[in-house]
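# Survey of secondary and tertiary structure
What follows is the residue order along each chain.
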Amino acid sequence: MLDGALDVAIKAAKEAGEIQRERFDSALEIKKKGIVDLVTDVDIACEERIREILGAAFPDLPVLGEEEGELGGTSTEARWIVDPIDGTTNFAHSIPIFCSVIALEEAGEITAGVIYETMGDRLYTATKGGGAFMNGEPISVTSTGALVDSLLATGFPYDNRTNPRDIFGAFAATHKSCRGLRRLGSAAIDLAYVARGIFDGFWEIGLMPWDMAAGALLVAEAGGVVTRIDGGPFDHMRGDIVATNGAIHEELLKVLSGYL
Ligand code: IPD
Ligand code: CA
Ligand code: CA
């Protein structure tokens, strides 16, 4: 991993968190990117601040951010992947479940991930081969062995009205197979909660790289298993993810395979 990258990503994610805390539950400028896909002035301000910090420390590295696309540096070896606020709908409705997310991609692989859960002041960090941490303490996935004893999380893509895949069939079938199923509204927090042993598993389709790159590394480094919905190798550029404690992975894939 690039020297100093993790510290810079932590600084950027926390500064974005400060902006979010200051503006939480206040009047926002809200625009629609799609029928239900929102962007607030705070998403834009956070992405700008993150870009400033990353760009000042690593001018060669492009930054792929949700709101502005890929800009900056000319390196083809490495880039940052940024979600300035994951959980924008929550943020816009004063629900305190959202975070800032920064991942470092080197030679196509995620080598570092940072998720800052703003209102809980919880910082999740992972580096490839270096373990997963919450506020500096090592974290690990649960040891739950059966789907029926599992607490799961999922999310719905913004195109769920028109998406041809049977998202709600999968939701219903899985709900009937597990202890409980949550929809927090932030894929990155869902993944952080799998990594720290709160959820036993999480799946979603139609995600973007900035939603899941950092969280997938966090789960893997916390001892979990991360694949695509079809069980193939996870790829942060390909939209689908199933992330679990490992022990329930096959059982969950089997239920999902009937629908997705
Ligand atoms: C969204 C959240 C949500 C997930 C959506 C994402 P955003 O990201 O992660 O949990 O279900 O698919 O797009 O728009 O809040 O950055
Ligand atoms: Ca997101
Ligand atoms: Ca976002």
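Refer to the structure printed above.
Cut-offs and rules
- Residues numbered from 1 in each chain as written.
- Chains lettered and ligands numbered in written order.
- Predicted model: local features only at pLDDT ≥ 70, side-chain atom pairs only at ≥ 80, totals over all residues.
- Heavy atoms only, no water.
- Near = heavy atom within 4 Å.
- Polar contact = N/O pair within 3.5 Å; in protein donor to acceptor, adjacent residues only side chain to side chain.
- Areas by Shrake-Rupley, 256 points an atom, 1.4 Å probe, with all protein chains shown as cover.
- Helix = DSSP H or I, 4+ residues; strand = E, 2+ residues; numbered from the N terminus.
- Nonpolar A, V, L, I, M, F, W, Y, C, P; charged D, E, K, R; others polar.
- Domains from an automatic or database assignment.
- Donors = N, O, S within 2.8 Å, 3.2 Å for Na, K, Ca; no water.
- Buried < 20%, exposed > 50% of the residue type's maximum accessible area, 1.4 Å probe, protein only.
- Salt bridge = Lys/Arg side-chain N within 4 Å of Asp/Glu carboxyl O.

### As for the site of ligand 1
Around ligand 1, the surrounding shell holds 16 residues, and the nearest of these are Asp86, Gly87, Thr88, Tyr158 and Glu204. For ligand 1, an oxygen atom lies 2.7 Å from a polar atom in the backbone of Gly87. Ser186 has a polar backbone atom sitting 3.0 Å from an oxygen atom of ligand 1. Taken by itself ligand 1 offers 380 Å² of open surface, and the protein chains cover 95% of this. If one sorts the elements of the shell around ligand 1 by residue count, strand S5 (residues 78–86) sits on top with three residues. Tallied by class, the residues present in the shell around ligand 1 amount to five nonpolar, five polar and six charged. No fewer than three residues from each of domain 1 (5–138) and domain 2 (147–257) sit in the shell around ligand 1.

### Re the coordination of the calcium ion (ligand 3)
All of the protein donors around the calcium ion (ligand 3) are Glu66 (OE), Asp83 (OD) and Ile85 (O); their distances to the metal are 2.2 to 2.3 Å. The calcium ion (ligand 2) is placed at 3.7 Å from the calcium ion (ligand 3), the two being bridged by Asp83. Here Glu66, found in the loop between strand S3 (62–65) and strand S4 (69–72), pairs with Asp83, found in strand S5; they are 17 residues apart in sequence, far enough to count as distant. Looking at Glu66, the relative accessible area reads 22%, which means it is partly exposed. Exposure remark for Asp83: the relative accessible area of 0% places this residue in the buried category.

### Things to note about the pattern of salt bridges
Applying the stated criterion across every chain, the model contains 14 salt bridges. Between Arg49 and Glu15 there is a salt bridge; the shortest N-O distance is 2.7 Å. One end of the pair, Arg49, is in helix H2 (residues 41–57); the other, Glu15, is in helix H1 (residues 5–23), with 34 residues separating them in the sequence. Accessibility expressed as a relative area gives 27% for Arg49, which makes it partly exposed. In this structure, the salt-bridge partner of Lys128 is Glu109, at a minimum N-O distance of 3.9 Å. With a gap of 19 residues between them, Lys128 in the loop between strand S8 (122–127) and strand S9 (131–134) and Glu109 in strand S7 (residues 109–117) connect regions that are remote in the sequence. Residue Lys128 is classed as partly exposed on the basis of its relative accessible area of 46%. The network of salt bridges with shared partners includes Lys11, Glu15, Arg49 and Glu52.

### Brief notes about the coordination of the calcium ion (ligand 2)
Every protein donor of the calcium ion (ligand 2) is accounted for by Asp83 (OD), Asp86 (OD) and Asp211 (OD), and the metal-donor separations fall at 2.1 to 2.2 Å. Sequence positions of the residues that donate to the calcium ion (ligand 2) give the spacing D-x2-D-x124-D.

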